[in-house]
Amino acid sequence: MQAPVGGGAQRTGITPLGWALRGAGLVAISVISGLIWLAFQPAGPSDEEQQAAPPPQPEYRHEKILSEDGFQGCELVSTDQIAEFFRDNECNHLTRALYRSYLPSGEPVLTSVITVRMPDIAQARKLNEVITRDGTGNVRDLVDDERAGTEDMPSLNDRGYWSEQQGELVVIGDSAYFDKPTKKGDEKLVDVTREMLKLGWPQDGQPN
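Description of the structure in this document.

How each quantity is defined
- Residues numbered from 1 in each chain as written.
- Predicted model: local features only at pLDDT ≥ 70, side-chain atom pairs only at ≥ 80, totals over all residues.
- Heavy atoms only, no water.
- Pairing = 2+ DSSP bridges.
- Helix = DSSP H or I, 4+ residues; strand = E, 2+ residues; numbered from the N terminus.
- Axes fitted to C-alpha atoms, helices over the stretch in contact; angles between N-to-C directions.
- Patch = residues over 30% accessible without salt bridge, like charges linked within 9 Å, V, L, I, M, F, W, Y side chains within 5 Å.
- Areas by Shrake-Rupley, 256 points an atom, 1.4 Å probe, with all protein chains shown as cover.
- Salt bridge = Lys/Arg side-chain N within 4 Å of Asp/Glu carboxyl O.
- Lys, Arg positive; Asp, Glu negative; His and termini not counted.
- Charge placed at Lys NZ, Arg CZ, Asp CG, Glu CD.
- Buried < 20%, exposed > 50% of the residue type's maximum accessible area, 1.4 Å probe, protein only.
- Contact = heavy atoms within 4.5 Å.
- Disulfide = S-S within 2.5 Å.

Some details on the sheet that holds strand β2 (residues 93-102)
Across the sheet, five strands lie side by side as β1-β2-β3-β5-β4; this open sheet has antiparallel pairing. At either end of the open sheet lies a strand with only one pairing partner, and these are β1 (62-69) and β4 (162-166). Strand-to-strand twist in this sheet, taken as the mean axis angle between neighbours without regard to direction, amounts to 20°.

Set out below in structure tokens:
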């Protein structure tokens, strides 16, 4: 006998079109989920917020002892070739300050930070090149100038000296021990001085 047409169990498999539609649905769900996740993420800092971020602070604990704005001009507080440089290239702004810095052991040391803001980056670069050479002179710190309150402070004498250019700013630092002789190039003090140069721009903007 001829088998009945259309007999047998009903087919339950998914057609190729069905698989395609199911895959498209999964992709759409993934895209929508991603958009929702992005929408609820916290916004990153704007360019203005990034520019206004506070500058890095020195790793060493410190406290300001004395500071001074140098409206009298840079030449008058400088020596030798540095004074000659300022005679032809006057600075825009000068600040000088003294800090009590602390080594990791807790021992206090004296650190001088001087900022010299030049009219442009090129002049700042030239100043730093001259000032880092031996025997060219320097900008006198507040101890050298015997400002009131510095009578019992140690002389710095370039023992823990460091300087660097920061844009149109040149920051000059030096450190010395309070209660013992300071050897020239003392690594601990040079490291303190280099860290304290991070105070350059804040000090230039808020010298007192």
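Focus: a negative patch on the surface
Together, Asp134, Asp144, Glu146, Glu151, Asp152 and Asp158 give the surface a local cluster of negative charge. Here Asp144 lies in the loop between α4 (121-131) and β4.

As for the environment of Leu94
Counting through the fold element by element, Leu94 comes out in strand β2. A relative accessible area of 0% means that Leu94 is categorised as buried. For the pair formed by Leu94 and Gly73, sequence separation is 21 residues and the distance between their alpha carbons is 7.2 Å. Excluding anything up to four places from it in sequence, Leu94 contacts Glu68, Asp69, Gly70, Gly73, Cys74, Val77, Ile114, Thr115, Val116 and Val139.

So, the state of the cysteines
With the rule as written, the count across this model stands at one disulfide. Two residues, Cys74 and Cys91, share a disulfide whose sulfurs are 2.0 Å apart. On the sign convention where negative means left-handed, the S-S torsion of about 95° between Cys74 and Cys91 marks this disulfide as right-handed. Highlighted residues: Cys74 in the loop between β1 and α3 (80-88) and Cys91 in the loop between α3 and β2, separated in sequence by 17 residues.

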